[in-house]
Each structure stands twice: as C-alpha cells, then as structure tokens.
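Okay, here's what each chain looks like letter by letter:
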Amino acid sequence: MNKFWQFLKNNRNNQGSSSWSLEYFKFEPGQEKLRESLCALGNGYLGTRGAFNEVSSSRIHYPGTYLAGVYNKLESNIAGKTIVNEDLVNCPNWLPLTFKTDQDQEWIIPSVNNIISYQEKLDFKEASLTRNYRIKENDKKITTVETRRIIHMGNNHLAAQEYILIPENYDGEIIIRSALDGSIENKGVDRYSELNSLHLSAGATGIFSEKGIYLTVTTSQSNIQIAMASTIYLSHNGKEVKPISITTRKEEKTIFQEYRIKVRKKERYVIEKTVAIYTSRDKDTENPLKSAIDLIQEVSGFSSLLDSHKEAWSNLWNMFDIEIKGHIFSEKTIRLHIYHLLQTASVHTSKLDVGIPARGLSGEAYRGHIFWDEIFILPQYNYRLPEITKSTLLYRYRRLKQAREYAKENGYQGAMFPWQSGSTGEEETQTIHLNPQSGKWGPDYSHNQRHISFAIAYCIWKHWIITADLDFMCNYGAELFLSIAKFAASLSYFDLEDKKYHTRGLMGPDEFHERLPGITEAGFKDNAYSNILIVWILQRALEIISSILPIKQKNVLLKKLEIDYGELKIWAEITRKMNILMDEEGIIAQFDGYFSLPELNWKAYKKKYGNIQRMDRILKAEGKSTNDYKVAKQADTLMLPYLFSLTELENIFQLLGYQFNGDILRKNYDYYVQRTSHGSTLSKVVHCYLSDILGQSGQSWKWYCEVLNSDINDIQGGTTPEGIHTGVMGGSINIALKRYAGVNIINGIINIDPDIPKKWKYIKFKIKYKEIWYSLKIERHKIIATLSTTKLIDEEYQERIVIRQKEYLLDMNRTYTFYLK
C-alpha cells in the first residue's frame, strides 16, 4: 500500500464509525484549522467555523463567523501599488465561553499541555457540534467540559450553545466568562496577510438585562450594520443557579460578562448561551439591534431550540439523504458533502440576494467570492429544492445591469458576468499579480475566463428541464439566458478565408494556460470548450424563442434586448459554422496552438517532486511557465462530455461538420488525462465521471475515492483549512446519482441505467422531477421504485420511466421491483 492510500486509511479510522458523523478522539494542533472548516455549522444565512469556544485567532485556531452577502472592500498598499479587494467579512465572534477555577488564574485555553482526554463530533443528522474534554490545571484540578452548539435551521437569526462544567476533584468556585467579540479581522488565509484586513468599525456595546449583552459593528466601506444580542442561563440539577456576582466589562468592539458560581465535586453545571444576529441587509428588520434583543428575549432554552432545529434538519434530510450500504466511508462523506451544501445554500438563502461562495460559509479562501462552482452544485437543488436554484440565478439576474456594462466595456454585446463576483456584480478578480519571489507586479489574466457566463446559462437550462417552471423562465430566466446568448455570439467573428466562426482572447477552465508562449495578448484563439458552449447556448436560445416563450412575452423580450431577425439568423449560422480544431486521430485541440507546445517530462517531475498537482508553482520556481507546455491544471476540453451526453455532443459536432463518438471521447480522455496535474479538486470529479462512461470502473473508483477525500482529508495539503470546496462536494453527489445510480433525464423521461461500484451493496435516495417524487433503491441487479406526488392528478395517472432502455408505466404510490440483466 503506497503512502497516499495508507494516509487515507489512517485518517478514516480516526473519523469514527458512524456514517452520520465526523468524529475525532485526539486533540491535534496541526489538524485544528482543517477540523474547524469541516466542522463548521450554518444555515445559509450564517456560518461559523468549528473552533473552540475558548480560543482566539492564532497559529493553531481560527474562529470565523460569516454572514451570507456581507462583503466589504478595502484598499491595501503593496509593493508601490494600491490594490482594492472585496472580502466576505469575518463577523463578530459569538462563541466565546471559557472559565477559570481561581480569580488569580488565566482563563482556560485548551491545549496539548492541559487536555487529558478529548472527543469531538460533528453530527450531520442534527447539525450539531459537540466537544467533550478534560482539562488538568497546574494545581492538579481536573474539570470535564462538555459543549454542544447549533446554528438554527428553523430561525436563521439564532445560534445557541450548551457548555457544561464538571469539577472532577474539587469543590469551590468557578468563574465563567461569556463575550461577543467584534475585534475581528480577516486573517484566515496566510497569503493575504499583507493586505488590509480590518473590516469592522466600532458601534455600540451594552447590557439589556442582568445576563443579556449586545454588540453592534459596521463594515467600513459597505456600511452594513451587524447586531448581536446574547443571553446566558446557568443551571444545576435542572434549577437556575444564581451567580455570586456578575461583572460586565466593555472594550471598543467587545463586551464581556463574568459569572462567579459555587461548585461541588462531580456535579454538572450547565451554561446555555443563546445569540440572535441581524444585519441592516436583512429584509425582516428595520432596526437590527432591536430585532436581535427582541428575538433573544422571546426564545426558550437550548433543549427546545435543539428540538426545533433537529426537526428542520429532519425535513431536509428526508429530501436530500443518500443512503449507501457496503462502504461506510462513501456514505459518511457523501452525507458530509450534502450537509455542507445545505448549510451554505438553504431555504433561508432564497430570502437573500446572495450567490454560493466557492468555499461556502466556512472560510476566507478566494475571499468568499462566487465563481462557476454552481454548475457542479445546483443539480442537487434542482431535484429537491429548486427554489434555491432559482434564488441563486436571481442573484445573477439582479446583476444583469453590471454584466451588460462589463460586456460593453470590453467591446462585447449582451451580458458578460465576472469570473469572481461578490456583492455588486462587478469583476472582483485582480488584473495584476505580485510575484512574492521577485517582488514585481505582472498581469493576472484569469478574468478572461468568460465561460462563467456560459455556466450560468447552463444552470438556467438545467433548472428549466427539471422543473418546467414557465413563470421563472418568462420573468427572469429567458432574459438572463438570451442576454448571455447575445454576449456569446458577440465573442465570435467570421473569417472570410475559411468561412468559419472563430473566437479569440478566451480562456477555458484550465487556469495553467493564460496565453501562448512569446505572446503578450491574453487568452487563446478557438478554445474548444468555449466554442462548443457558445454553439450550445445559441441552440438553446433559439429553442427558448421558438418553442418555450409565449408569443407575447417573446415579442416583449426580443424588443427589450434589441434582438431582431438578422441577429437570430447569425446565431443559427454560428451553430453550423463554429471552428473546432481536431487532428487526424480525432484529438480536439484545447486551443489553436496547443499541439505545437512541447511535452512535459512528467516522469522526471513526479520523481523529483512527488506531488505535482501545482505544476504552475513548480515551474515558476524553475523560472518556467505552464503556458509553455502541454500541462493542464484541470479538465478543459474534457469538461464537455461531463456537461453533455454523448448524443448531445454527437449532434453538436455533426451540425458543425465534425465527427464525435465514443471512440473519439476515449481518445481524448486518454490524451488529456496524461497531461493534467489535477491542481483543482474539480478535475478529479470530471475524470472520475468520464472514466465510468468509458467503462473503466476500477479507474473511476480510484478517482472517486480521491474526490471523496478532497476535503475530509485535505489531500491538496492545506487548502481545506481555508474553507471547504462546494464544487467538489456537489460533483461527488452528481457522480453518485448520474453515473453510479445512472439516473438521467432523456427526452423528458427519467432513465435509469446503473453502474454501482463493486464496494456498494445499494444506493437509496429521492429526487423530484416535474412535481413527482421518485424514491429509488438501486442495487447491482435490482431497482426498487416508488413514485408519489402532491399535485392534483387523475386516479389512473401513470408516469413513464425507462430502465436499461426499456420503458415502463408506473402508478403513483405503488412500489415496483425491476430485475436487471
């Protein structure tokens, strides 16, 4: 067994045996920031990293609380230039609870020096984080600490924690300190350390009851007020404990309360801390502080909040759970991924004007920006809670004006969305980059990834296919899609010599290639991924106009977008004459000039460096560039068969005058997989998916294990501590359902053609398609299906389903068993 697989095995053994939880049985300082990301709690409005209650930011710990949509811009003076960055703000820390057993002692901070036993558990099912540990002080006093916390899924403004202290070998007094800490900076990513990180300006602190404190702060540029109010309830044997004394202390952006209580050996003393959080962005308040105080005075104790919180999560799991028998690690990790997606984009998200950050609400990597990850994430919501997909697309719709301006600034028509998006819809990607080794500034071309707009169009179409939501399409989706189509067409130009349409200046998903060697102009001519996506978008745009929109809405929209018959004629022509570069073997060139690049000596680099995922950094250290070689960070051309079925690609290529089939797909997979370093977690998602299509089940399973391990074991070596990866989490679920369970929509009918991994006994889940729920249990040789619906239908109504190319008619509320050959 090689070192990588041994590492994964050892870590799996340390994460507990339940498929409903992530557990750790030893405090390991070097793993703490990773665990904080993995054990984050959230509800779509609010997310908090799984840090200890007692700690502040340090080399070991990083408490972080993030509110969806709360961004702030700051200027930083670096190496002679003023740089502006917008960040998802690390908001005030509501967690602080600690204690000491003597007035003259320091407050307890758990560490390897004083923890004598430890257990940590993230429970996915009830979305709670517990820590139980024993602290031994220098004076030999031993205290057991049992903590549990939630961020309420029923009421998005509430968070609560239970903090239990048991003096194991002493009587006397304990002093407990609670705080709301606004003296917070964005310090969660080391490579941003030289940038300005102080986003919060002081507001007000105070008390509203004997054990009730509040804090307000305001973001320095975006002027968003954040208000927190908290209460403490102390009890022993079910009865309230009256403190000997209560002391309140204020600092500029922090407020503390200290409670002195008498304790007896072996007795349990329960501290319940409940917090309400509002911002001036929220539509359900005009006065955030008043709303926070009012809410916190209304809520009941921790036990009652936990019950209602568990009920809200139970409803979610009833829709989203995926049960996998035979391989507990698959089941555990898929559930972890579902859990993180649901706490990043939830039912509460639909009430907000926010997108889905690439790192969720669990960290500060990528500055909390929104990229193209929704193309991997939203399928999970389309099949269960499509209103969340809708709200994510509305985030884009509300920024159409900025996207149109961005397109116009760059000489294009229609709507061009930014590669990195935050609060305003402006491009947040830097256009220059500082080389930390040379200290010199150079251009950053990553904003040329115009395919972000194509991803949005793809998500609109998939939402339509699954939901048939004509109201959304008429009022929002069609305008958004056609605006992107207008932009896509304007990227193309017609060459009179070869009578083909071409593109230039574009980058595909492969971020290792920004320009051709020796050329200063960014981007490439005829990036295959971009060209095919443009063709597909124009085909679907013409379909929306001709077949989906009612005549009145169509005419109004075409007039609004200034799309006439002549423009539609050009769109149709592009779908027949777009240029794609293929060699005699059927290998599709990633871009014009790709085949002329020299090969990289992969064997030599693997031998020298071992892990070569980040070949860009390795080559840069050698004074070279990935632009100069056939080396990809992630799937680029191969993204096409991930997004589209073989039949769809055959039709697109045939219309363009090229051949595409399974043999060509195999050749392209074999060619590009050898030239990809997988520096992005998304790359392994795509290669896993494609290898299964090609019948390479063993290779697909190896890829899948790496996909599952991407975050839970941080196989990239340091990225997950900065925040989980929502894209790879969505991708792992997509593989399980579309490839291994084999569930797809073909010609408007659910088709099932499974390819269950050998280690799985079965996979069981629900999906909703056009208001009908499909409850499916899929084994290697058997499928059990039950259909149900809440819509009004005829008693004799039957729904078509296709299993292994054979069509069946199924009644509602009846269970069917199909045996597979």
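Quick notes on the rules
Residue positions are given per chain, counting from 1 as you read along its sequence in written order. In keeping with the predicted nature of the model, local features appear solely for residues at pLDDT of at least 70, side-chain atom pairs appear and are counted solely at 80 or more, and the whole-chain, interface and lining totals rest on all residues. Only hydrogens and water are set aside when side-chain values are computed; all heavy atoms of the structure are taken into account. Where helices and strands are cited, they refer to DSSP runs of H or I of at least four residues and of E of at least two residues respectively, numbered from the N terminus. Here the radius of gyration uses the C-alpha set of atoms, whereas the globule reference equals 2.2 Å times the residue count to the power 0.38. Any residue under 20% of the maximum accessible area for its type is buried, any over 50% is exposed, and the rest in between are partly exposed; the area is computed with a 1.4 Å probe on protein chains only. At least two bridges found by DSSP between two strands is the condition for calling them paired. Only the stretch in contact is used when a helix axis is fitted, and all axes are lines through C-alpha atoms; the angle between N-to-C directions ranges over 0 to 180 degrees. For the purpose of charge, His is not counted, nor are the chain termini; Lys and Arg are scored as positive and Asp and Glu as negative. Any Lys or Arg side-chain nitrogen located within 4 Å of an Asp or Glu carboxyl oxygen qualifies as a salt bridge. Whenever a nitrogen or oxygen atom comes within 3.5 Å of another N or O atom, the pair is scored as a polar contact, on the condition that within protein one atom can donate a hydrogen and the other can accept it, and that pairs from neighbouring residues in sequence are kept only if both atoms are in side chains. Expected helix span is computed as 1.5 Å times (number of residues minus one). Residue contacts are counted whenever heavy atoms from the two residues lie within 4.5 Å of one another. For cavity detection a 1 Å grid was placed over the protein atoms alone, and a set of points counts as a cavity when a 1.4 Å probe fits there but cannot get out; an open set counts as a pocket when protein lies on both sides within 12 Å along at least five of seven lines, with lining residues being those that have an atom within 4 Å of a point. Grid points are joined across faces, edges and corners, and a volume is the space filled by probe spheres set on the points. By the convention adopted, Pro, Cys, Tyr, Trp, Phe, Met, Ile, Leu, Val and Ala count as nonpolar, Lys, Arg, Asp and Glu as charged, and the other residues, Gly among them, as polar. Should an angle fall under 35 degrees it is taken as roughly parallel, and over 145 as roughly antiparallel, whereas 65 to 115 is taken as roughly perpendicular and any remaining angle as oblique. By the definition used in this description, the sense in which the near helix is turned from the far one sets the handedness, with an anticlockwise turn below a right angle giving left-handed and a clockwise turn giving right-handed. Residue-level confidence of the predictor, termed pLDDT, takes values from 0 up to 100.

**Quick look at the overall build of the protein chain**
Alright, step 1. A tally of helices and strands in the protein chain yields 21 helices and 32 strands.
Alright, step 2. Since a compact globule built from 821 residues should have a radius of gyration of about 28 Å, the 28 Å found for the protein chain is in line with a globular shape.
Alright, step 3. Seen along its three principal axes, the alpha-carbon backbone of the protein chain occupies a region of about 90 × 70 × 60 Å.
Alright, step 4. Burial analysis of the protein chain (821 residues in total) assigns 61% to the buried set.

**Some details on the sheet that holds strand β12 (residues 172-181)**
Alright, step 1. Pairing is antiparallel across the open sheet formed by four strands, whose spatial order is β7-β12-β18-β17. At either margin of the open sheet sits one strand with a lone partner, and together these are β7 (97-100) and β17 (245-251). Averaged over all neighbouring strand pairs, the angle between strand axes comes to 20°, with direction disregarded.
Alright, step 2. Relative to strand β18 (residues 254-263), β17 runs antiparallel, the two sharing seven bridges. Bridge pairing links Ile-246 to Tyr-259 in β18.

**Quick word on the side chain of Lys-273**
Alright, step 1. With respect to the secondary-structure elements, Lys-273 resides in strand β19 (residues 269-279).
Alright, step 2. No salt bridge is formed by the buried Lys-273; its nearest oppositely charged neighbour, Asp-181, is found at 9.8 Å.
Alright, step 3. In this structure the side chain of Lys-273 is engaged in a polar contact, spanning 2.8 Å, whose partner is the backbone oxygen of Trp-94.
Alright, step 4. Within the local environment of Lys-273, its side chain forms a polar contact with the backbone oxygen of Ala-179, the two atoms lying 2.7 Å apart.

**Some remarks on the pattern of salt bridges**
Between side chains of opposite charge, pairing is possible as soon as their charged atoms come close.
Alright, step 1. Considering all chains together, one arrives at 47 salt bridges under this definition.
Alright, step 2. Arg-260 is the salt-bridge partner of Glu-173, the closest N and O atoms lying 2.9 Å from each other. Of the two residues, Glu-173 is situated in strand β12 and Arg-260 in strand β18; the sequence distance between them amounts to 87 residues.
Alright, step 3. On the accessibility criterion, Arg-260 (28% relative accessible area) is partly exposed.
Alright, step 4. Across the pair Glu-622 and Lys-624 runs a salt bridge whose closest N-O atoms are separated by 3.5 Å.
Alright, step 5. Accessibility expressed as a relative area gives 27% for Glu-622, which makes it partly exposed.

**What to know about the pairing of strand β5 (residues 71-78)**
Alright, step 1. For β5, a buried count of six out of eight residues is recorded, marking the element as mostly surrounded by other parts of the structure.
Alright, step 2. Strand direction decides the pairing type here: β5 and strand β6 (residues 81-88), joined by eight bridges, are antiparallel. Bridging across to β6, Asn-72 finds its partner in Asp-87.
Alright, step 3. Counted between consecutive antiparallel strands, the loop separating β5 from β6 contains two residues, among which Ala-79 sits at a positive phi close to 45°.

**Remarks on helix α18 (residues 662-673)**
Alright, step 1. Here α18 is twelve residues long and its end C-alpha atoms lie 16 Å apart, about the 16 Å a rise of 1.5 Å per residue gives.
Alright, step 2. Of all the positions in α18, only Ile-664, Leu-665, Asn-668, Tyr-669, Tyr-671 and Tyr-672 are classed as buried.
Alright, step 3. Looking at the buried side of α18, the elements it contacts are α16 (639-643), α19 (681-693) and α20 (697-712).
Alright, step 4. Its side-chain oxygen 3.0 Å from the backbone nitrogen of Asp-663, Asn-661 forms the N-cap of α18.

**Things to note about empty space enclosed by the protein**
Alright, step 1. Within the structure shown, the criterion is met by six cavities of 30 Å³ or more.
Alright, step 2. Estimates place the volume of the largest cavity at around 70 Å³.
Alright, step 3. Along its surface, the largest cavity is lined by Gly-44, Ala-68, Gly-69, Tyr-71, Leu-88, Thr-344, Thr-349, Val-354, Gly-355, Pro-357, Leu-361 and Ile-370.
Alright, step 4. Grouping the amino acids of the lining of the largest cavity by side-chain chemistry returns seven nonpolar, five polar and no charged.

**Some remarks on the packing of helix α7 (residues 386-397) against helix α10 (residues 470-490)**
Alright, step 1. At a minimum axis separation of 10 Å, α7 and α10 run at an interaxial angle of 50°. Classified by the angle their axes make, α7 and α10 are oblique. Like other packed secondary-structure pairs, α7 and α10 cross with a definite hand, here left-handed. Contacts between α7 and α10 pair Lys-390, Leu-393, Leu-394, Arg-396 and Tyr-397 from the former with Phe-472, Asn-475, Tyr-476, Glu-479 and Leu-480 from the latter.
Alright, step 2. In the contact of α7 with α10, the residues fall into six nonpolar, one polar and three charged.

**Section: helix α3 (residues 288-298)**
Alright, step 1. The set of residues buried in α3 consists of Pro-288, Leu-289, Ser-291, Ala-292, Ile-293, Leu-295 and Ile-296.
Alright, step 2. Here the buried face of α3 lies against β11 (158-167), β13 (200-209), β14 (212-219), β15 (225-236) and β19.

**With respect to the confidence of the model for the protein chain**
Alright, step 1. Residues with a pLDDT of 70 or more make up 97% of the protein chain, whose mean pLDDT is 95.
Alright, step 2. Residue range residues 1-13 is modelled with pLDDT below 50. Its contacts to residues more than four positions away, or to other chains, number 15 contacts.

**Here's the deal with the environment of Lys-262**
Alright, step 1. Along the chain, Lys-262 turns up in strand β18.
Alright, step 2. What makes Lys-262 exposed here is its relative accessible area of 59%.
Alright, step 3. Lys-262 has contacts with Gly-172, Glu-173, Ile-244 and Tyr-269, leaving out every residue within four places of it along the chain.

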